[in-house]
Structure formats: C-alpha cells, structure tokens
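# Coordinate inspection notes
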Amino acid sequence: MNRILVTGANGQIGSELVDVLRRRHGRDRVVGLDLAPPSSPNGQREEGPYVTGDVRNRDAIEAVIRNHEVSVVYHLASLLSASGEKKPDQTWEVNLDGLKNVLDLARRHSLRVFWPSSIAVFGPSTPREQTPQRTVFDPSTMYGVTKRSGELLCQYYHRRYDIDVRSLRYPGLISYKTPPGGGTTDYAVDMFYAAADGDPYTCFVRPDTRLPMMYMPDALQATLDLMEADAGNLTVRDSYNITAFSFSARELAASIERRMPTFSCSYDPDERQRIADDWPQSVDDSVARSDWGWSPQYDLDAMTDDMLDHLQESLEV
Ligand code: NAD
Ligand code: AKB
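Criteria and cut-off values
Residues numbered from 1 in each chain as written. Chains lettered and ligands numbered in written order. Predicted model: local features only at pLDDT ≥ 70, side-chain atom pairs only at ≥ 80, totals over all residues. Heavy atoms only, no water. Helix = DSSP H or I, 4+ residues; strand = E, 2+ residues; numbered from the N terminus. Rg over C-alpha atoms; globule rule 2.2 N^0.38 Å. Buried < 20%, exposed > 50% of the residue type's maximum accessible area, 1.4 Å probe, protein only. Areas by Shrake-Rupley, 256 points an atom, 1.4 Å probe, with all protein chains shown as cover. Near = heavy atom within 4 Å. Polar contact = N/O pair within 3.5 Å; in protein donor to acceptor, adjacent residues only side chain to side chain. Nonpolar A, V, L, I, M, F, W, Y, C, P; charged D, E, K, R; others polar. 1 Å grid on protein atoms, 1.4 Å probe; cavity = no way out; pocket = protein on both sides within 12 Å on 5 of 7 lines; lining within 4 Å. Sits in = over half its atoms within 2 Å of the grid points. Domains from an automatic or database assignment. Pairing = 2+ DSSP bridges. Axes fitted to C-alpha atoms, helices over the stretch in contact; angles between N-to-C directions. Contact = heavy atoms within 4.5 Å. Expected span 1.5 Å × (residues − 1).

### As for the overall build of the chain
Each helix and strand counted, the chain has eleven helices and 14 strands in total. Over its C-alpha trace the chain gives a radius of gyration of 19 Å, about what one expects of a compact globule, namely 20 Å for 317 residues. A total of 317 residues make up the chain; the buried ones form 55% of that total. Per element, the accessible surface of the chain, about 13300 Å² overall, is 46% carbon and sulfur.

### As for the site of ligand 1
Among the 26 residues in the neighbourhood of ligand 1, the closest are listed as Q12, D34, D54, Y143 and K147. Between ligand 1 and S78 there is a distance of 3.5 Å, counted from an oxygen atom to a side-chain nitrogen or oxygen. In this structure, an oxygen atom belonging to ligand 1 sits 2.6 Å away from a side-chain N or O atom of Y143. Considered on its own, ligand 1 offers 820 Å² of accessible surface; in the complex 90% of this is hidden by protein. Listed by contribution, the elements that provide at least two residues to the shell around ligand 1 are strand 6 (117–118), helix 5 (142–161) and strand 9 (172–174). Grouping the constituent residues of the shell around ligand 1 by class yields twelve nonpolar, ten polar and four charged.

### Here we look at the site of ligand 2
What surrounds ligand 2 is the set L80, S81, S118, I119, Y143, G183, T184, T185 and W279. The side chain of S118 places a nitrogen or oxygen atom 2.6 Å from an oxygen atom of ligand 2. Within the side chain of Y143, an N or O atom sits 2.7 Å from an oxygen atom of ligand 2. Taking a 2 Å distance to the grid points as the criterion, the majority of the atoms of ligand 2 fall inside the largest pocket. Grouping the constituent residues of the shell around ligand 2 by class yields four nonpolar, five polar and no charged. Shared between two domains, the shell around ligand 2 takes at least three residues from each, and those domains are domain 1 (3–172 + 215–241) and domain 2 (174–213 + 244–280 + 298–316).

### Overview of the sheet that holds strand 11 (residues 210–215)
Taken together, three strands build an open sheet; the order of strands is 9-11-13 and the sheet is mixed. Because the sheet does not close on itself, it has two edges, and the strands there are strand 9 and strand 13 (245–248). Adjacent strand axes in the sheet meet at a mean angle of 50° when their direction is disregarded. Bridge count for strand 9 against strand 11 is three bridges, and the pairing is parallel. Bridging across to strand 11, I174 finds its partner in Y215. On the sheet, helix 7 (residues 216–228) packs against strand 9 and strand 11 and is oriented at approximately 70° with respect to strand 11.

### Side note on helix 7
Taking 1.5 Å of rise per residue, 13 residues should cover 18 Å, and helix 7 covers 18 Å from first to last C-alpha, within 8% of that figure. The complete set of buried residues in helix 7 reads M216, D218, A219, L220, A222, T223, L224, L226 and M227.

Here's what the structure looks like:
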C-alpha cells in the first residue's frame with residue numbers, strides 16, 4: 001500500500017494536514033509522526049496510524065517508511081524562527097539534518113516529498129515590497145538560514161538525483177485548530193485567541209509591523225495543489241513564493257474590532273520585532289499563479305469572521 005507520512009504531525013499545520021489527507025485518501029493511508037503522541041481536545045488519541053520519532057534519526061525514519069510502505073512524505077518537522085534564535089544548534093539539526101535524512105531516504109525509496117520553506121529566507125537586503133521569486137537571500141535568523149539552505153538542498157536533489165521534491169515559502173499562517181509553536185508571526189494568531197476569550201491583547205510587535213499572511217485553509221489548498229500539479233509545469237525547484245494578503249498589526253486589530261467593538265490591543269515589542277523587521281511586507285507570487293494556478297480564497301475580513309466564528313463556537317462547547 002502506498003502511504004503518506006506527515007512529519008511534525010502535531011504542529012499547527014501538520015495537525016490539520018493529516019486530517020485533510022485522511023479525508024482525501026483514507027484514514028489508514030496517512031501516518032502521522034512527531035516527537036510525542038498527539039492529543040485531541042477530548043484527550044483521546046487521534047484515529048489513524050501514528051508513530052513517535054525524531055527526524056534527526058535516519059534509521060528510525062527509514063524503519064517507518066519500510067514498515068508503513070510510505071511513498072510520499074510531507075516533511076513539516078521543524079523549529080520556527082523565535083525558537084530557533086533560542087536554540088540555533090538544535091534548529092540546524094532538526095531543520096537541515098532532518099531534511100537531508102528525508103531527501104536521502106527519498107533517493108533510496110523513490111519517495112515524493114513536500115517540504116515547506118518560509119518568508120524567513122529573505123533578509124535586510126531583500127526588496128521588502130512585492131519581494132520577487134528570485135532575489136537577494138540574506139536571512140538574519142538561524143531558522144531563515146536553514147530554510148534557504150534547505151531550499152537549495154531540495155533543488156540540488158531534484159537536479160542531481162531527479163527527486164520529486166516540491167516546496168512553498170509560506171507566509172505567516174493563521175488558524176484556530178492548533179496554536180502556533182514559536183514563530184514570529186504568532187501574534188496574529190494570539191490576537192484572535194485573546195479576542196475570542198474577551199481579553200485585551202498585548203502585541204509583541206509594533207502596530208505598523210506589516211507582514212505577508214495567509215489563512216490555513218488556503219495554505220492547505222496550496223500544498224495539495226502543488227503536490228498534484230503536473231511536474232512539467234513546475235519551473236521552480238527551490239521554493240515557490242505564495243501569499244494571500246498583507247496587514248499591519250494595527251490593521252488586524254481593527255479587523256477584529258469591526259466584529260468585537262470592545263476588543264483592545266496594546267503594543268510592547270520584544271526581540272521578535274527585529275526578526276519581523278527583516279522580513280518582506282508583501283510577496284510577488286506570480287510564478288506560483290502561472291505555473292500551477294495558485295489563487296487564495298480568503299481576504300483579511302473573511303478570515304477574521306471565520307476565525308472568530310470558530311473560536312467562539314469552540315468556547316461554547
Ligand atoms: P509547529 O511548531 O506548530 O510544528 C512543528 C512540529 O514539529 C511540532 O509538533 C514538533 O513537535 C515537531 N518536531 C520538532 N522537532 C522534531 C523532531 N526532531 N522530530 C520530529 N518532530 C519534530 O510548526 P508549523 O507551524 O506546523 O510548521 C510546519 C512547517 O511549516 C515548518 O517547516 C515551518 O517552518 C513551516 N512554516 C510554517 C509557517 C507558519 O506560519 N506556521 C510559516 C512558514 C513556514
Ligand atoms: C515564523 O514566524 O517563524 C513562521 C514563519 C513565517 O516561517 N510563522
């Protein structure tokens with residue numbers, strides 16, 4: 001049986017991607033892998049195959065691939081930007097050694113691979129408006145260094161060994177099912193959780209901080225669309241720019257206040273401001289649009305309405 005392996009399956013993206021893939025391909029065809037067992041809101045184990053494992057351990061990952069007859073890997077296990085600055089050595093090992101393990105196993109077992117990159121590949125010398133697909137890459141975080149190096153590794157394995165590895169440079173992702181884990185764009189999610197709880201929010205970046213963002217349903221759709229695209233149409237084998245919209249922290253607070261007039265946001269920037277200041281304010285994703293038809297569905301207010309509906313609904317149950 002050809003199974004799909006999702007590493008980082010408990011994370012903000014992985015927890016949702018596993019569900020979407022199981023709905024598409026069948027529960028037993030999707031294997032989740034993370035450092036610890038998954039937890040669901042009612043404390044039960046999620047249904048479907050699941051293994052605990054560390055992507056730094058190539059032999060252990062190879063055993064999973066053999067035992068579960070895996071043919072496709074969505075390799076999401078990672079440390080994010082803010083955590084990466086606290087643990088740079090571990091970030092290198094998990095993000096880059098882990099990716100190389102998966103790519104080497106892709107050679108040995110003829111796997112197809114999806115691996116996400118990030119707007120963190122860009123840096124202070126990159127044009128910050130409508131950042132092009134191909135431009136200056138000078139990441140200023142260890143996370144960004146591993147993401148750009150990983151992009152080049154993916155491109156190399158494709159060119160040298162014909163591995164079908166595909167990648168997206170996600171912007172900040174906003175979702176209501178699983179909280180984000182240690183990123184710079186986490187304030188955009190945290191603000192919604194505070195608003196839904198009826199609390200004020202103290203934002204850790206300045207009100208004028210503007211970054212590219214995307215709602216999770218669009219990110220999941222982009223991931224599936226890229227993996228289903230005809231290989232002959234793909235002109236990018238390091239990683240595709242994609243975006244949905246850009247907003248400042250102040251504009252996000254205003255979008256929430258539109259729905260919840262009593263919500264209030266104050267600002268107390270911390271060390272994550274420096275990271276945000278080095279990232280693009282907007283991204284040019286025209287190559288993804290023309291190569292495989294990328295087109296997001298949600299704008300800022302549509303996302304805000306959907307986020308608040310779901311978060312308030314979950315507070316009522
Ligand atoms: P997350 O932090 O929510 O989840 C990452 C998961 O990886 C966690 O469950 C963690 O336990 C697991 N993990 C960490 N080290 C591991 C190891 N050694 N072995 C196995 N599992 C390990 O992250 P996410 O937001 O779901 O991001 C997933 C991927 O998408 C990452 O590569 C990230 O860089 C990328 N990405 C995310 C965003 C975003 O806004 N969420 C934006 C750009 C790129
Ligand atoms: C982070 O803030 O680290 C992530 C990302 C944009 O890669 N959300």
